[in-house]
Amino acid sequence: MTGRDTKLLSTTRRNFVGATALAALAPAIAKAEAAQQNHVPGFAPPDGVALLSRNENPYGPSPKAVSAGCAATRDGAYYADRSLLYLVDMIAEKNRIPRDFISVSAGSGEGLCAAAQSWSRDGGKIAAPALFWDTTVRYAERQGAKVVTAPMGGDLGVDLDALEKVIDDDVSLVHITNPNNPTGMLLDPDALRSFIRRVERKATVLVDEAYNELTDDPEASSMLDLVREEKNVIVSRTFSKIYGMAGLRVGYLMARADLTARIRSNIMSWISGPGLAAAIASYDDHAFLTDSKAKILEGREMVMAAARENGLDCLPSQTNFAFVNVKGDANAFRDKMQAKQIFIRGAYDGLPSWSRVSMGRLEDLSRYVAALPEALGG
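This structure is a prediction, so every number in the text was calculated from the model and none was measured.

Definitions and limits used
Residues numbered from 1 in each chain as written. Predicted model: local features only at pLDDT ≥ 70, side-chain atom pairs only at ≥ 80, totals over all residues. Heavy atoms only, no water. Helix = DSSP H or I, 4+ residues; strand = E, 2+ residues; numbered from the N terminus. Polar contact = N/O pair within 3.5 Å; in protein donor to acceptor, adjacent residues only side chain to side chain. Contact = heavy atoms within 4.5 Å. Buried < 20%, exposed > 50% of the residue type's maximum accessible area, 1.4 Å probe, protein only. Core = buried A, V, L, I, M, F, W, Y, C linked by side-chain atoms within 4.5 Å. Axes fitted to C-alpha atoms, helices over the stretch in contact; angles between N-to-C directions. Left-handed = near helix turned anticlockwise from the far one by under 90°. Nonpolar A, V, L, I, M, F, W, Y, C, P; charged D, E, K, R; others polar. Pairing = 2+ DSSP bridges. Salt bridge = Lys/Arg side-chain N within 4 Å of Asp/Glu carboxyl O.

Regarding the environment of Leu131
Along the polypeptide, Leu131 turns up in the loop between β3 (125-129) and α6 (135-142). On a C-alpha basis, the gap between Leu131 and Ile176 in space is 9.8 Å, while along the polypeptide they are 45 residues apart.

So this is what it looks like as structure tokens:
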């Protein structure tokens with residue numbers, strides 16, 4: 001780290017930034033709290049529906065985020081650029097990186113799309129495992145990018161050796177989701193670091209860590225230490241998962257300054273004031289994060305235990321979803337669940353018997369568990 005970085009990352013400044021941001025919102029928060037009771041239809045699932053298909057966190061946003069977001073809505077006539085700097089400084093301080101290592105976007109999805117498009121615009125190919133959250137890569141493919149994939153391991157894990165073999169001189173970006181989606185599996189951190197150190201001389205490695213905060217050891221699992229070393233690597237995070245802010249659309253990517261400048265130049269939108277306010281208010285809301293994670297893990301164990309009791313295989317998950325082999329037609333299984341107003345994912349390409357279920361509220365997961373035997377045997 002340089003002297004510039006050390007100066008940027010003082011603890012007192014972080015406390016000042018967070019306190020200042022919240023203080024600026026405080027006058028309106030009291031008036032906004034009453035508005036929390038007013039709900040616009042069409043956002044949350046209807047009454048009676050167990051929505052377990054979209055990897056959302058139903059326990060968020062935190063009360064602090066809701067209050068701050070409502071307060072910011074009252075000031076929605078004004079652009080939120082100063083609030084963006086508050087959030088950037090909080091992220092920089094917490095992750096021990098400079099401000100110019102951070103690009104904030106409308107969910108991590110926009111930043112991932114910007115990276116995929118930028119790195120493939122001049123003909124560079126994108127390399128990825130055969131099974132991953134490929135929405136943003138497919139966006140670049142629709143713009144003309146070429147994507148090459150490597151086969152998965154026998155356990156459905158990401159095979160780093162196979163992935164390395166498809167990285168030739170034409171590959172400009174390697175995209176890895178870790179923990180992976182839809183499998184929920186986490187790569188061995190040391191193996192992934194070694195892989196990145198080998199291939200970053202050929203191509204930029206993008207690691208999507210959307211579920212990092214839900215892993216057993218988030219710091220050890222993250223590749224952020226390689227960002228601090230200014231390796232040719234990008235790490236993405238989001239407020240959509242553990243923070244429960246999928247609908248508020250705030251995410252960020254972290255990389256050395258030249259990579260970040262490249263990403264920023266391809267980001268198209270501005271973050272909404274309420275989204276920024278909610279992110280600032282909840283970023284260090286440790287009580288909410290701890291409670292939310294505990295409920296998610298409790299639900300995950302409930303689902304995995306039910307799968308085992310019904311003779312099913314379930315991959316080891318470090319996320320807020322489970323990947324279950326229903327040992328039959330996963331689409332038919334999905335349809336039987338849907339008939340009971342329980343919505344889950346059906347089969348993925350090449351995996352006709354595997355079904356993904358997200359961790360909704362515990363009462364909704366109880367409905368899934370209760371319906372499991374009939375859906376399997378009916």
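Section: the side chain of Ser292
By the secondary structure assignment, Ser292 is in helix α13 (residues 286-309). Here Asn57 takes part through its side chain, which lies 2.8 Å from a polar atom of the side chain of Ser292. Leaving out residues up to four positions away in the same chain, Ser292 has contacts with Asn57, Tyr59 and Ile242.

Focus on the side chain of Thr238
Mapped onto the elements, Thr238 comes out in strand β7 (residues 233-238). Overall, Thr238 belongs to the buried group, its relative accessible area being 3%. A distance of 3.0 Å separates the side chain of Thr238 from the backbone nitrogen of Ser240, its partner in a polar contact. Setting aside anything within four residues of it in sequence, one finds Thr238 in contact with Ser108, Ala210, Tyr243, Val250 and Gly251.

Here's the deal with the nonpolar core
Val174, Phe195 and Tyr368 are the most contacted members of the largest nonpolar core, which has 87 residues in total. Sort the elements by how many residues they give to this core and α13 lands first, with seven residues. Those residues in contact with Phe195 that lie beyond four places of it in its chain are Leu160, Leu163, Glu164, Ile167, Val174 and Ile176.

Quick look at the packing of helix α3 (residues 63-74) against helix α12 (residues 273-282)
Running from amino to carboxyl end, α3 crosses α12 at an angle of 150 degrees, the nearest separation of the two axes being 7 Å. α3 and α12 meet at a crossing whose hand is right-handed. Judged by residue contacts, Lys64, Ala65, Ala68, Gly69, Ala72 and Thr73 of α3 engage Gly273, Pro274, Ala277, Ala278, Ala281 and Ser282 from α12. Partitioning the contact of α3 with α12 into residue classes produces seven nonpolar, four polar and one charged.

Describing the sheet that holds strand β8 (residues 251-254)
The pairing of strands in a sheet comes from backbone hydrogen bonds and takes either a parallel or an antiparallel form. The strand order β2-β8-β7-β6-β5-β3-β4 describes an open sheet built from seven strands, whose pairing is mixed. Here the strands that pair on one side only, and so sit at the sheet edges, are β2 (102-105) and β4 (147-150). When strand polarity is set aside, the average angle formed by the axes of neighbouring strands in this sheet is 20 degrees.

Observations regarding the pattern of salt bridges
This model, assessed by the stated rule, comprises 16 salt bridges. Notably, a salt bridge pairs Asp291 with Lys295, separated by 3.3 Å at the nearest N-O pair. Residue Asp291 and its partner Lys295 are located together in helix α13, separated by four residues, close to a single helical turn. Looking at Lys295, the relative accessible area reads 28%, which means it is partly exposed. In the salt-bridge network here, residues are joined through shared partners; they are Asp134, Arg138 and Glu141.

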